[in-house]
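The chain contents come next:
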Amino acid sequence: MDNVVNGFLERNLPDFKNNIFINITQADKDRYSITAGQGKLFVNANNYVSAFMGIYDYLKKYCGVQLSWCGNRSIHIKELTMFSGAFSREIEQKFRVYMNYCTLDYSMCWWDFERWEKEIDFMAMNGINMPLAVIGTEAVWFETLMEYGFSEREALDWISGPATWAWQLMTNIEGYMPPPNKEYVYRRAELGKKILNRCAQFGMYPIQQGFSGHVPMLFKTKFPHARILEQHGWCNFPKTAQLDPTDPFFMEFGTAYLKNLEKIFGNYHYLACDPFHEGTPPKPWFWYLKAVGKTINRMYESFDKNSVWVMQTWSMRKHIVKAVPKNRLLLLDINSEKTKQCRNVWGYPVIAGMLHNFGGKNSMQGKLKHHCENVYLKLKNGGANTVGTGLFMEGIEQNPVIYDLQFSLLTASENIDWSAWLDNYIERRYGKYSETLRKAWDMLLETCYKDSGYHENEVGSALAARPQFMPVRTGPCCYTKIYYNTALFEKAVCVFASVLDEYKHSDGYQYDLCDLVRQALSNRFNTNQQKFAKAYENKDIKAVKEISETQLSLLKELDAFLSNRSEFCLSRWIGDSHRLAADETERKYFDLNARTLITLWGNMDDTNILHDYAWREWSGLIGEYYYTRWQMFYDASVSALKQGREFKVHCTEDFSARAKYIHDPFGRRLFDFEKEWVNTYKEYPYPQDRDVTESAKKVLEKQSIGSL
């Protein structure tokens, strides 16, 4: 057995590594065929991804396995189930793409190679063969800038920190929280090389980072004759610099960048590049945009005649696209909307994608029945040149039901029967089927997972919002308004919890019970806050005090309850950042990055509009951060009411006006606390999973959420 197969089986099915035999043979399409006998599996496939996907399909079908980031994080089976005949599939979609740039930071920025190894295995088992693989590109930039006369410190100051590097790759920012030394840059490169090597071993088509013209603002001083456009600051960040692609210097510098990319990481032929991403071209005319497309394509082709330019449709421009030959461009329609809007993207090869989550926030939400529609098939039948599928969520490790379904759709050739799928999911997720659990899930399909009444990526949390009498938004892209019947949702929680003694040994059940109770308490906080706002309006001091005490007690209770599951712990996020660090200086640097991303996000001044974009209802974050913010708010509210004076906080639905919150006296005090928390270094015990069931009983009883 070769090393690739042996390593995969050792990591995922160690007890059966001598009972599974894989044979790789050439074929025109991705396919596998599995037979079984005498306690052994025999897998024939055209590549490793197909083989590992076949094994996981077998485990799902015959052994009831459900593998997830959220509970059920490893495979546990007692035996290999035998079956007669052959179990086989042929995969229609050539490419199955994985990851948005944002995913790399909202969920993955503290991963070591051991964690990446698990994810690459997970990708392969779900049929993914085209991951975004841009970890470590800081080193490419560092070496290229040094070649062009930058000092070490100048080159490092161009590089953003580990929690925000993704947005620099998207050309939105530069040099935010730059690294302390070049050793950090080269450690990132070593991690990136390991990731790329493993993807290549599996036979994947990794997407590497190309060059689109985003350069340091310092270029204006160092290369005064270069044509450089100052882009408007993204989300109130400082302006960034765009080297005009029609300037000859673009081709020279971009080629130097690509050569360093190949020198450090090798060349895997697929190069990501999004010109003027969320920015503005210096000239809007079609002939200029056409010249941009031709120039970038010529640069890639001269570097590697087999290269393919990979472009998101999020901010694509028609004339740039149409300047490139169809065999040299792959378009990623990350939410499967632009293909229909743009005449099937003019016949270019396109990936039908799904974008479910903004910021990695963990509210229970998703249009489950709608997700059963096969958008790949829909676009293809509509005449699009659809060559594959993709998952482009901004953050993972939330809503496991949505992702289990979406992973299945990556390689599906037809729509999915949602009811039959859900029955199978319940059996795999919890270890056995139950009519009671199906009843609970039917109610969830009428509430948090229903198909109408909300925008799927805009579901917020009142408790995670900056305190207001009734917050409208949490982050800039999500609303606190609850779009479903909370009484019915609480009934679903109670029905789900009614079988907790029977399912307490199921890890999937333990996670989901924790998540359901979390969502129920989060909804309660929202409802109570509406009552608080009304009581304050009526100047009912007694009610205001009682509700504020109830709210703070609820936050404490939720914070303690969530500590039972590591997936819901701030200490895991911070602990992973500390574990990745090389020394104390780097631990503090990573700690600052980790805290900033999930709270203030950036711009620690009075222009910040991105605060709470990546909110999390996590133990530790609730207790230390959200609790203190609300305590400050309630104290100030009660004090103002007692004294008969006005208490003002800025409340707006306007994205661009969010910065005004800290212009009021209370807002300034709150902002001072937020900055202090972000800048406070702290070590935490690393969290461990504990039995949730007894704690859930107590919380549900105390909060009078149904009866058990």
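Scroll up to find the structure this text is about.
In this text the structure is predicted, and so the values were computed from the model without any measurement. (Residues numbered from 1 in each chain as written. Predicted model: local features only at pLDDT ≥ 70, side-chain atom pairs only at ≥ 80, totals over all residues. Heavy atoms only, no water.)

Peer 1: Sorry if this is basic, but what is going on with the overall build of the chain here?
Peer 2: Each helix and strand in the chain was counted, giving 27 helices and 15 strands. Radius of gyration (C-alpha) of the chain: 26 Å, near the 27 Å computed for a compact globule of 708 residues. Dimensions of the chain, computed from the C-alpha atoms along their principal axes, are close to 75 × 75 × 50 Å. A buried classification covers 64% of the 708 residues belonging to the chain. Looking at the chain alone, contacts between residues at least 24 apart form 74% of all its contacts between residues at least 6 apart. When the accessible surface of the chain is split by element, carbon and sulfur atoms take 48% of a total near 26700 Å². Measuring between centres, the 85 positive side-chain charges of the chain sit 3 Å from its 85 negative side-chain charges. (Helix = DSSP H or I, 4+ residues; strand = E, 2+ residues; numbered from the N terminus. Rg over C-alpha atoms; globule rule 2.2 N^0.38 Å. Buried < 20%, exposed > 50% of the residue type's maximum accessible area, 1.4 Å probe, protein only. Contact = heavy atoms within 4.5 Å. Areas by Shrake-Rupley, 256 points an atom, 1.4 Å probe, with all protein chains shown as cover. Lys, Arg positive; Asp, Glu negative; His and termini not counted. Charge placed at Lys NZ, Arg CZ, Asp CG, Glu CD.)

Peer 1: Quick question: what am I supposed to make of unusual backbone geometry here?
Peer 2: In the Ramachandran plot, T171 falls in the positive-phi region, its phi being about 75° despite a non-glycine side chain. Examined against the element boundaries, T171 turns out to sit in the loop between α7 (165-169) and α8 (182-201). T171 sits in the buried class, given a relative accessible area of 13%. Even without glycine at this site, D612 takes up a positive phi of about 65°. Position of D612 among the secondary structure elements: in the loop between α24 (584-597) and α25 (621-643).

Peer 1: Please clarify how the sheet that holds strand β13 (residues 329-333) should be interpreted in this entry.
Peer 2: By definition, the strands of a sheet pair up through backbone hydrogen bonds, in either a parallel or an antiparallel sense. Judged by pairing direction, the sheet is parallel, and its eight strands sit side by side in the order β6-β5-β15-β14-β13-β12-β11-β7 without closing on themselves. Every interior strand has two partners, whereas the edge strands, β6 (130-131) and β7 (207-209), have only one. Sheet topology places β13 next to strand β14 (residues 350-354); three bridges connect them, and they run parallel. Bridge pairing links L331 to V350 in β14. (Pairing = 2+ DSSP bridges.)

Peer 1: Mind showing me how you'd approach helix α21 (residues 507-537) here?
Peer 2: Because the α-helix completes a turn every 3.6 residues, residues three or four places apart line up on one side. The end-to-end C-alpha distance of α21, which contains 31 residues, comes to 45 Å, matching closely the 45 Å that a straight helix rising 1.5 Å per residue would cover. Judged by how many residues are buried, α21 sits mostly within the fold: 25 of 31 residues are covered. With its phi angle positive at about 55°, K539 sits one or two positions after the end of α21. (Expected span 1.5 Å × (residues − 1).)

Peer 1: Looking at this structure, how should I read a nonpolar patch on the surface?
Peer 2: Nonpolar side chains collect at one region of the surface, where W285, F286 and W287 lie side by side and expose about 390 Å² of accessible area between them. Given the relative accessible area of 47%, W287 is considered partly exposed. (Patch = residues over 30% accessible without salt bridge, like charges linked within 9 Å, V, L, I, M, F, W, Y side chains within 5 Å. Salt bridge = Lys/Arg side-chain N within 4 Å of Asp/Glu carboxyl O.)

Peer 1: Looking at this structure, I do not really get the side chain of H371. What am I missing?
Peer 2: Tracing the backbone through its elements, the reader meets H371 in helix α14 (residues 368-371). Exposure remark for H371: the relative accessible area of 5% places this residue in the buried category. In this view, H371 contacts M354, H356, I402, L405, Q406, L409 and E456; residues no more than four positions away in its chain are not counted.

Peer 1: Just to check I follow, could you spell out the packing of aromatic side chains for this structure?
Peer 2: Centre-to-centre distance and the angle between the planes together describe a pair of aromatic rings. Enumeration over the complete set of coordinates arrives at 79 aromatic pairs. Measuring from centroid to centroid gives 3.8 Å for F8 and F52, while their planes differ by 5°, and the two rings are stacked. Taken together, the positions of F8 in helix α1 (residues 3-12) and F52 in helix α2 (residues 48-63) put the pair 44 residues apart, joining distant regions of the chain. Residues F8 and F52 agree in their burial class; the two are buried. Residues Y184 and Y589 carry aromatic rings whose centres are separated by 6.1 Å and whose planes lie at 90° to one another, so their mutual orientation is edge-to-face. Taken together, the residues Y184 in helix α8 and Y589 in helix α24 connect sequence positions 405 residues apart. On the accessibility criterion, Y184 (1% relative accessible area) is buried. It is K222 that lies over the ring of F150; its NZ or CZ is 5.1 Å from the centre. The lysine or arginine in question, K588, covers the ring of Y681, its NZ or CZ lying 6.0 Å from the ring centre. (Phe/Tyr/Trp six-rings, centres within 6.5 Å; stacked < 30°, edge-to-face > 60°. Lys NZ or Arg CZ within 6 Å of the ring centre and 35° of its normal.)

Peer 1: Where do I start with the sheet that holds strand β9 (residues 228-231) in this structure?
Peer 2: Overall, antiparallel pairing links the three strands, which are arranged β8-β10-β9 in an open sheet. Two strands bound the open sheet, and with one partner strand each, they are β8 (214-215) and β9. When β8 meets strand β10 (residues 240-243), the two strands line up antiparallel, connected through two bridges. Residue pairing in the sheet places H214 in a bridge with Q242 of β10.

Peer 1: Please clarify how the pattern of salt bridges should be interpreted in this entry.
Peer 2: Two side chains that carry opposite charge are able to pair once their charged atoms sit near each other. Counted under the stated rule, the structure contains 48 salt bridges. Where E617 meets R518, a salt bridge forms, and the shortest distance between an N and an O atom there is 2.5 Å. Here the residue E617 occupies a position in the loop between α24 and α25, and R518 occupies one in helix α21, the gap between them amounting to 99 residues. The two residues E617 and R518 agree in class, both being buried. Residue R565 pairs with D689 through a salt bridge whose shortest N-O separation is 3.9 Å. Placement of the pair is R565 in the loop between α22 (541-562) and α23 (570-580) and D689 in the loop between α26 (665-678) and α27 (693-702), with a sequence separation of 124 residues. On the accessibility criterion, D689 (34% relative accessible area) is partly exposed. A network of salt bridges, in which partner residues are shared, links R73, D507, R565, E567 and D689.

Peer 1: Help me out: how do you make sense of the environment of S695 in this one?
Peer 2: Looking at where S695 falls in the secondary structure, it is placed in helix α27. S695 sits in the partly exposed class, given a relative accessible area of 23%. Put simply, S695 and A560 are 135 residues apart on the chain and 9.3 Å apart in space, counted from C-alpha to C-alpha. Filtering out sequence-adjacent residues up to four positions away, S695 remains in contact with F561 and N564. At 3.3 Å, the side chain of S695 and the side chain of N564 are in polar contact. (Polar contact = N/O pair within 3.5 Å; in protein donor to acceptor, adjacent residues only side chain to side chain.)

Peer 1: It is not clear to me how the nonpolar core should be interpreted in this structure. Could you clarify?
Peer 2: Core analysis: the largest hydrophobic core is formed by 263 residues, its most contacted members being Y98 and W116. Per-element tally for this core: the top contributor is α21, with 13 residues. Residues within four places of Y98 in sequence aside, it is in contact with W69, M108, E119, M123, I128, M130, P131, L132, L391, M393, I396 and F407. (Core = buried A, V, L, I, M, F, W, Y, C linked by side-chain atoms within 4.5 Å.)

Peer 1: Can you help me understand helix α10 (residues 248-265) in this one?
Peer 2: A rise of 1.5 Å per residue sets the reference length of α10, with its 18 residues, at 26 Å; its end C-alpha atoms lie 26 Å apart and thus fit the reference within 8%. G266 sits one or two residues past α10 and shows a positive phi near 90°.

Peer 1: Can you help me understand the side chain of N399 in this one?
Peer 2: Residue position: N399 is located in the loop between β15 (386-391) and α16 (400-409). Within the structure, the side chain of N399 is placed 2.9 Å from the side chain of Q398, a separation counted as a polar contact. Aside from chain neighbours lying at most four places away, what touches N399 is H356, S363, M364, Q365 and Y449.

Peer 1: Would you explain the packing of helix α5 (residues 138-147) against α8 in this entry?
Peer 2: Describing two packed helices takes the angle between their axes plus the distance from one axis to the other. Two elements in contact, α5 and α8, have axes separated by 8 Å at closest approach and are oriented at 130°. By the angle class used here, α5 and α8 are oblique. Residues E138, A139, F142 and E143 of α5 form the contact with α8, whose participating residues are K182, Y184, V185, Y186, R188 and A189. (Axes fitted to C-alpha atoms, helices over the stretch in contact; angles between N-to-C directions. Parallel < 35°, antiparallel > 145°, perpendicular 65-115°, else oblique.)

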